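Each chain, letter by letter, is given below.
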Amino acid sequence: RRRWQHRPAIQVTNEPILEFKPGSPERAALQKALADLKGKTEEIPCVIGGEEVWTPTVRYQLSPFNHAHKVAKYCYASKELINKAINAALAARKEWDLKPVQDRAQIFLKAADMLSGPRRAEVLAKTMVGQGKTVIQAEIDAAAELIDFFRFNAKYALELEQSQPLSVDISTNSMVYRGLEGFVAAVSPFNFTAIGGNLAGAPALMGNVVLWKPSDTALLSSYAVYKILLEAGLPPNVVQFVPSDGPEFGDTVTSSEHFCGLNFTGSVPTFKRLWKQVAANLDHYRNFPRLAGECGGKNFHVVHSSADVGSAVHGTLRSAFEFGGQKCSACSRLYAPAALWPHIKEQLLQEHGKIKVGDVSGAPRC
């Protein structure tokens, strides 16, 4: 007779997308958060071993639609500081890995609740001002998607632990899920707040320690997410927050014998460079590093001869130029039948000429 263990997992649902209609409480909260950021510069340190650290290499994150507004002052971690972060992470690895997955999951579920409620407006406003997103672009990214990442990742982690081998009466088979032996480097992009939280958060949830290098142009929102994780109960040494020069960070982490994983979203050339460095150092590592990367592509539209020209034109313009064309899924090519192309081209040029770049309202957009 065979038997297996099964316990019901937690139930989660997708975070509702708010509409921010005039007079709604979410609109009022966001407008207040945007007003609080106006003209302000937040100081964002490196966080190594739970301590805030400043280096002489000071940089500023500018609002992309108002370059006169320095939204954040930060500094680059030096090679020595990155190595210090590696050591601090490794010192915390064993205790974190031994913590029950139920306890780790609760931290991310709490962080999701904070993002869903009291901290939603703050993270949305920092994404809008720091990364140039409209309210709906910020809402589906920094709120809904990031909340879903944290909640569904926690659900899947709990389900994974419950997935055990079959046992028989004379023997019991069991599996223990462990974190990797070493540290994971998380390199996140400029265009999605949610991706930063997920690239650093998912490995941590599974018992790993992480060095998080956020994008220079998403530091304001990334640091807000990082602080929320800490306030939700994430131990300070589990994720090190290390803004850095890209090549120096890559060179330093891939040269450590304890490097065991890379979570990456960014450009093809950067990922290729990191992959080559890892390959060159294979004999130096204690384990085979795991590399997970997502890079930009060249998405396209194919217009059928039966298509409505107006719909095709507006859909293409939105895909190509919304959020400055900076989405991973931005339309880069269009294939049209010869008979329709003159009409499509005419309307594309006409509508393209109406596109306004910058802060067209003269104030933060809401």
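Residues numbered from 1 in each chain as written. Predicted model: local features only at pLDDT ≥ 70, side-chain atom pairs only at ≥ 80, totals over all residues. Heavy atoms only, no water.

In the structure shown here, the tally under the stated rule is 13 aromatic pairs. A centroid spacing of 5.9 Å and a plane angle of 70 degrees characterise the contact between Phe 183 and Phe 259, whose relative ring orientation is edge-to-face. Of this pair, Phe 183 sits in strand β8 (residues 183-187) while Phe 259 is found in strand β11 (residues 259-266), placing the two residues 76 residues apart along the sequence. For the residue pair Phe 183 and Phe 259, the accessibility class agrees, reading buried in each case. An aromatic cluster is defined as three or more aromatic residues linked by ring pairs; in this entry it consists of Trp 212, Tyr 223, Tyr 226 and Phe 241. In this arrangement the basic side chain of Lys 70 is found over the ring face of Tyr 60, its NZ or CZ atom lying 4.2 Å from the centre. Stacked on the ring of Phe 192, the Lys or Arg Lys 133 has its end atom at 4.0 Å from the ring centre. (Phe/Tyr/Trp six-rings, centres within 6.5 Å; stacked < 30°, edge-to-face > 60°. Helix = DSSP H or I, 4+ residues; strand = E, 2+ residues; numbered from the N terminus. Buried < 20%, exposed > 50% of the residue type's maximum accessible area, 1.4 Å probe, protein only. Lys NZ or Arg CZ within 6 Å of the ring centre and 35° of its normal.)

So, about the side chain of Gln 131. Relative to the elements of secondary structure, Gln 131 occurs in helix α4 (residues 120-131). For Gln 131, a relative accessible area of 5% puts it in the buried group. Here the side chain of Gln 131 touches Thr 193 through a polar contact of 3.3 Å, side chain to side chain. Setting aside its immediate chain neighbours within four residues, Gln 131 contacts Pro 64, Lys 126, Phe 190, Asn 191, Phe 192, Thr 193, Thr 217, Ala 218, Ser 221 and Phe 323. (Polar contact = N/O pair within 3.5 Å; in protein donor to acceptor, adjacent residues only side chain to side chain. Contact = heavy atoms within 4.5 Å.)

Once that is clear, we can look at the packing of helix α3 (residues 101-116) against helix α5 (residues 135-162). α5 packs onto α3 with a crossing angle of 165 degrees between their chain directions and a minimal axis gap of 9 Å. Accordingly, the angle class assigned to the pair α3 and α5 is roughly antiparallel. The interaxial crossing formed by α3 with α5 has left-handed handedness. Here Val 101, Gln 102, Ala 105, Phe 108, Leu 109, Ala 111, Ala 112, Asp 113, Leu 115 and Ser 116 of α3 lie close against α5, whose contacting residues are Ala 142, Leu 146, Ile 147, Phe 150, Arg 151, Ala 154, Ala 157, Leu 158 and Glu 161. Residues that form the contact of α3 with α5 fall into these classes: 14 nonpolar, two polar and three charged. (Axes fitted to C-alpha atoms, helices over the stretch in contact; angles between N-to-C directions. Parallel < 35°, antiparallel > 145°, perpendicular 65-115°, else oblique. Left-handed = near helix turned anticlockwise from the far one by under 90°. Nonpolar A, V, L, I, M, F, W, Y, C, P; charged D, E, K, R; others polar.)

According to the domain assignment, the protein consists of domain 1 (30-162 + 178-294) and domain 2 (299-353). Measuring from the centre of the C-alpha atoms in domain 1 to the corresponding centre in domain 2 gives 35 Å. On the domain 2 side, the residues contacting the eight residues of domain 1 number five residues. Summing both sides of the interface, domain 1 and domain 2 together bury roughly 540 Å²; the carbon and sulfur share of this comes to 67%. The largest contributions to the domain 1 side of the interface with domain 2 come from Gln 137, Phe 190 and Asn 191, which together make up 57% of the buried area. Viewed at the interface, domain 2 and domain 1 are joined by zero salt bridges. At the junction of domain 1 and domain 2, the tally comes to zero residue pairs in polar contact (both at pLDDT 80 or more). Its residues placed into classes, the side of domain 1 that touches domain 2 shows two nonpolar, four polar and two charged. (Domains from an automatic or database assignment. Buried area = accessible area lost by both parts, 1.4 Å probe. Salt bridge = Lys/Arg side-chain N within 4 Å of Asp/Glu carboxyl O.)

Right, let's talk about the state of the cysteines for a bit. Summed over the entire model, instances satisfying the criterion amount to zero disulfides. Free of any disulfide, Cys 46 has its nearest cysteine sulfur in Cys 75, 3.8 Å distant. Residue Cys 46 is classed as buried on the basis of its relative accessible area of 0%. Cysteine Cys 260 remains unbridged, with the sulfur of Cys 295 as its closest cysteine sulfur at 20 Å. Residue classification places Cys 260 among the buried residues on the basis of a relative accessible area of 1%. (Disulfide = S-S within 2.5 Å.)

Here the structure, examined in full by the defined rule, presents 19 salt bridges. One salt bridge in this structure joins Glu 15 and Arg 120, with 2.8 Å as the shortest N-O distance. Taken together, the positions of Glu 15 in the loop between β1 (2-3) and α1 (25-37) and Arg 120 in helix α4 put the pair 105 residues apart, joining distant regions of the chain. In this pair, the class of Glu 15 matches that of Arg 120, namely buried. The partner of Glu 231 in a salt bridge is Arg 119, and the shortest N-O contact between them spans 2.5 Å.

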